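Structural description and commentary
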Amino acid sequence: MLNAKHTKGGMHMVRVFLVEDEILIRNGIKNSIEWEKEGYRFAGEASDGELALPMVLKEKPDILITDVRMPFMNGLELANLVKKELPGIKIVILSGYDEFEYAKDAIQIGVARYLLKPVSSAKLLETLGEISGQILHEQKEKELKNEYLREMRENEELKKMKFFGELVSGNISPADAIEKSRSFNINLSAQVYKIILFKIQNPSCQGSMPESFIEAYEEIENTAASIEYVYSFQRGADGWAFLLVADGQEEIEAKETYFIKALEEVTSKYPGTEYFGGSGNPVFRLRELNNSFHSADCAFASRFTKEINQIVKYSDSSIKQNIDSFDCNSFTEIEQTHNVIGKFLNNGTLEEVDSFVNACFQEIPEKQFRSTLMRQYIIMNIYISVMSFCEKILASAGRRVDEEARAADDEAMKKAILTTESIDDIKIYIGHLLEQALETRNTVSGRRYSDIIKTAINQIESTYMSDTISLNTVAASAGMSPSYFSSIFSREMGRTFTEYLTEVRMEKAKELLACSSMKTSETGYAVGYKDPHYFSYIFKKMTGCSPKKYRSDRKGEEQ
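The rules behind these values
Residues numbered from 1 in each chain as written. Predicted model: local features only at pLDDT ≥ 70, side-chain atom pairs only at ≥ 80, totals over all residues. Heavy atoms only, no water. Helix = DSSP H or I, 4+ residues; strand = E, 2+ residues; numbered from the N terminus. Buried < 20%, exposed > 50% of the residue type's maximum accessible area, 1.4 Å probe, protein only. Contact = heavy atoms within 4.5 Å. Areas by Shrake-Rupley, 256 points an atom, 1.4 Å probe, with all protein chains shown as cover. Salt bridge = Lys/Arg side-chain N within 4 Å of Asp/Glu carboxyl O. Phe/Tyr/Trp six-rings, centres within 6.5 Å; stacked < 30°, edge-to-face > 60°. Lys NZ or Arg CZ within 6 Å of the ring centre and 35° of its normal. Pairing = 2+ DSSP bridges. Axes fitted to C-alpha atoms, helices over the stretch in contact; angles between N-to-C directions. Core = buried A, V, L, I, M, F, W, Y, C linked by side-chain atoms within 4.5 Å. Right-handed = clockwise from strand over helix to strand, strands pointing away.

Things to note about the overall build of the protein
Looking only at helices and strands, one finds 24 helices and ten strands in the protein. A buried classification covers 47% of the 559 residues belonging to the protein. Across the protein, the fraction of contacts at a sequence separation of at least 24, relative to all contacts at a separation of at least 6, is 71%. Looking at the protein as shown, the accessible area adds up to about 28300 Å², and 49% of this sits on carbon and sulfur atoms.

Observations regarding the pattern of salt bridges
Counting across every chain of the model gives 22 salt bridges. Between E492 and R491 there is a salt bridge, with its nearest N and O atoms 3.7 Å apart. Of the residues examined, E492 reaches a relative accessible area of 42% and is grouped as partly exposed. Sharing partners across several salt bridges, the network here consists of K199, R235, D238, R303 and E352.

Looking at the packing of aromatic side chains
Overall, the coordinates contain 21 aromatic pairs when judged by the stated rule. Centroid distance F198 to F242: 6.3 Å. Interplanar angle 45°. Geometry classified as tilted. Here F198, found in strand 6 (residues 192–201), pairs with F242, found in strand 8 (residues 240–246); they are 44 residues apart in sequence, far enough to count as distant. In this pair, the class of F198 matches that of F242, namely buried. Measuring from ring centre to ring centre gives 4.9 Å for F242 and F259, while their planes differ by 80°; the resulting arrangement is edge-to-face. Of the two residues, F242 sits in strand 8 while F259 sits in helix 9 (residues 249–268), which places them 17 residues apart along the sequence. Neither F242 nor F259 differs from the other in exposure class; each is buried. Positioned over the ring face of F300 is R303, at 3.9 Å from the centre of the ring.

Observations concerning unusual backbone geometry
Of note, F72 is a non-glycine position whose phi angle comes to about 70°, a positive value. Looking at the element boundaries, F72 is found in the loop between strand 3 (63–67) and helix 3 (75–85). With a phi close to 55°, N185 is a non-glycine residue in the positive phi region. Note on N185: relative accessible area 70%, which makes it exposed.

Things to note about the environment of F233
Relative to the helices and strands, F233 resides in strand 7 (residues 230–234). The spacing of F233 and M161 is 72 residues in sequence and 5.9 Å in space, taken between C-alpha atoms. Filtering out sequence-adjacent residues up to four positions away, F233 remains in contact with K160, F163, F164, I186, G239, W240, A241 and L243.

Digging into the sheet that holds strand 6
The mixed open sheet is built from five strands, whose spatial order is 7-8-6-9-10. A strand with exactly one partner marks an edge of an open sheet, and here the two such strands are strand 7 and strand 10 (310–313). In this sheet, neighbouring strand axes are inclined to one another by 20° on average, regardless of whether the strands run parallel or antiparallel. As judged from the six bridges shared by strand 6 and strand 9 (residues 274–279), these two strands associate in the antiparallel manner. Paired with Q201 across the bridge in strand 9 is E274. Running at roughly 170° to strand 6, helix 8 (residues 211–226) makes contact with strand 6, strand 7 and strand 8 of the sheet. Packing against the sheet, helix 10 (residues 289–301) makes contact with strand 6, strand 8, strand 9 and strand 10, and its axis sits at approximately 30° to strand 6.

Here we look at the sheet that holds strand 3
Where strands meet in a sheet, backbone hydrogen bonds hold them as pairs that are either parallel or antiparallel. With respect to topology, five strands assemble into an open sheet ordered 2-1-3-4-5, the strand pairing being parallel. Pairing within the sheet leaves two strands with one partner each, and these edge strands are strand 2 (40–46) and strand 5 (113–116). For this sheet, the mean inter-axis angle between neighbouring strands, taken without regard to orientation, is 20°. Running over the sheet, helix 1 (residues 23–32) touches strand 1 (14–19), strand 2 and strand 4 (90–95) and is turned about 170° from strand 2.

Observations regarding the nonpolar core
Membership of the largest hydrophobic core comes to 54 residues, with the highest contact counts inside it found for I195, F198, I200, F242, L243 and F259. With residues near it in sequence (within four places) discarded, L243 still touches L188, Y193, K194, I195, Y229, V230, Y231, F233 and L289. Within the second largest apolar cluster, 36 residues are counted, among which are A237, I469, I488 and V527.

Points about the pairing of strand 3
The element strand 3 is extensively covered by neighbouring structure, given that five of its five residues are classed as buried. On strand 3, burial covers both faces: I63, I65 and D67 on one face and L64 and T66 on the other are all buried. Sheet topology note: the strand 1/strand 3 ladder contains four bridges and is parallel. For F17, the partnering residue across the bridge sits in strand 3 and is L64. Across five bridges, strand 3 lies against strand 4 in parallel orientation. Following the sheet pairing, L64 is matched in strand 4 by I91. Handedness of the crossover joining strand 3 and strand 4 through helix 3 is recorded here as right-handed.

Some points on the side chain of T127
Counting through the fold element by element, T127 comes out in helix 5 (residues 121–151). Ignoring sequence-local partners within four residues, the contact set of T127 consists of R113 and L115.

Taken by themselves, the reported measurements are silent on function.
This is how it looks when you write it as structure tokens:
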């Protein structure tokens, strides 16, 4: 029999609360048991249910012992009310009346035990021991489940990313959005909404990300999670989207100011980590959230053309001017795109190409594209910038330009000059050009996704037995933020990084269980799990049976 004195590993002592109107009986029960010696904590006492109710709800004991017959509020009434507020509490009813109705009502309420008075301390201890065993088992199961959910959080984040896409695209009704948001502990019932897009990066790093970047990443997530009106969504290469909710215009602005200050304070702690953010306009209906996202995205897109380490508001006059009424009287502004393109090609990603192209074209007023000469100049200028970058990066790797490919690119550029008439046509051509350049960069520098995934898999295969391997550590070694790496890994592999790591560990565990004499706990430790209980929990979750049963079944097959 497992009782409270056997608690280990951070389990709290089982707390007991006693309710009995007869003071002699109450003192007898309280004083006849050495509670702490037996592994319990006596959490309090009361003389009737009415007095006990607020005390029990405040103390939240694990076990409530209560007499059934008491003035003001009897034990069954108390048990019924407590169970509604504390469904996990175990209740022991004491009664001097051996009546079927009481027992039947107690069963309906969900009472753990029904004991007839007088009850000896030995009998009570025996009952408490049985209940404590059940409590400790439930606590352990809850801890294991929570640990599993923490490990599988990556999958939840990917689901949240998809949900955010539905929200801002308008592909989900407000009613369905509110219903679905509950599964992510998000409350979308508000009067005002605002979206802030935010990203951090460390452009100085080559290869693996410094530990400080991962710390900054985690602190930003924790900061957002600690503010009740902020809901965060990971966006892969584009960082985060933060959804702010409030009950009025002034309140949303105050909350925005507070949150932006919090983000700036976090990033200021980590030298070398750069940030940029874009804040959208507030909207007053959930169905209009796409408008807030669009304005935030316009502000966020200016990260390619503006100074770093700031959070730009779409409502700022400077942003509106650039987007709506920018005036260009010469080629100077367009020529400045050469430096901007060079910076993007050094640090940008394939996923960011569309955003970058839109940001560049925001800086040029639409009327400039009415001129054939200007359209041709824009295409040629960007083409030269991109080709110069490709030649430079190939030369740095000791490689020569493929003359046939270059000739084909020249012909494509000439065709684009002669045929593109609309802004969209130019954007498509420029986007394709940039994608080619990034593919060249990634191939030369070894930053291709296939290489990244291969390296990550090799790292898993060689270090799966370490309890320190995680999404964050592998993402850092790949020089990516965890969310960006997670999105790439999931897309390329068809399952999350954590799911893949768990599969590898389980396959190794199966081999050890079938082919070695290791104990279950030793097997778990050998594949990266320090807690043998958690290893057994995960193994059963993944295979449908316990490690011991798996081993016995394999042994049986051999015989």
